[in-house]
Amino acid sequence: LIPSMDMEDQDLLSLLATHDDFYVVEAVAEEIAKRPSEHLRGIARLCAAHRHAQAARAGSKAVRALAK
């Protein structure tokens, strides 16, 4: 369902970006990387700070996409 989100609900995205299931966090970060928008910078940083390396890598990719 994450790919179909409009990526506007900051509260929901914050919850998803800090979810225990790293696959959820990874999916959020991947969508940010596909559709970078300045209002998602904080969410991307949350993903990049996830304790699981796979989610954190996806978060870092999202942060880089926002820098472009």
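A few points on the structure. Everything numeric here is computed off the predicted structure, so don't read it as measured data.

What counts and how
- Residues numbered from 1 in each chain as written.
- Predicted model: local features only at pLDDT ≥ 70, side-chain atom pairs only at ≥ 80, totals over all residues.
- Heavy atoms only, no water.
- Helix = DSSP H or I, 4+ residues; strand = E, 2+ residues; numbered from the N terminus.
- Contact = heavy atoms within 4.5 Å.
- Core = buried A, V, L, I, M, F, W, Y, C linked by side-chain atoms within 4.5 Å.
- Buried < 20%, exposed > 50% of the residue type's maximum accessible area, 1.4 Å probe, protein only.

1. Considerations on the environment of Ala58
Part 1 of the reasoning: Among the secondary structure elements, Ala58 is positioned in helix H4 (residues 53-67).
Part 2 of the reasoning: As for Ala58 and Leu13, which are separated by 45 residues in sequence, their C-alpha atoms are 15 Å apart.
Part 3 of the reasoning: Apart from the residues within four sequence positions on either side, Ala58 is in contact with Glu26, Ala29 and Glu30.

2. A word on the environment of Arg57
Part 1 of the reasoning: Considering the arrangement of structural elements, one finds Arg57 in helix H4.
Part 2 of the reasoning: Residues Arg57 and Ala29 lie 28 residues apart in sequence; the distance between their C-alpha atoms is 8.9 Å.

3. Focus on the nonpolar core
Part 1 of the reasoning: Core analysis: the largest hydrophobic core is formed by 22 residues, its most contacted members being Leu13, Val28 and Ile32.
Part 2 of the reasoning: Among the elements of the structure, helix H1 (10-17), helix H2 (22-34), helix H3 (41-48) and H4 are those that each provide at least two residues to this core.
Part 3 of the reasoning: Considering every element that reaches this core, the biggest residue donor is H2, with 7 residues.
Part 4 of the reasoning: Among all residues touching Ile32, those that are not within four sequence positions of it are Met7, Leu40, Ile43, Ala44, Ala62 and Leu66.

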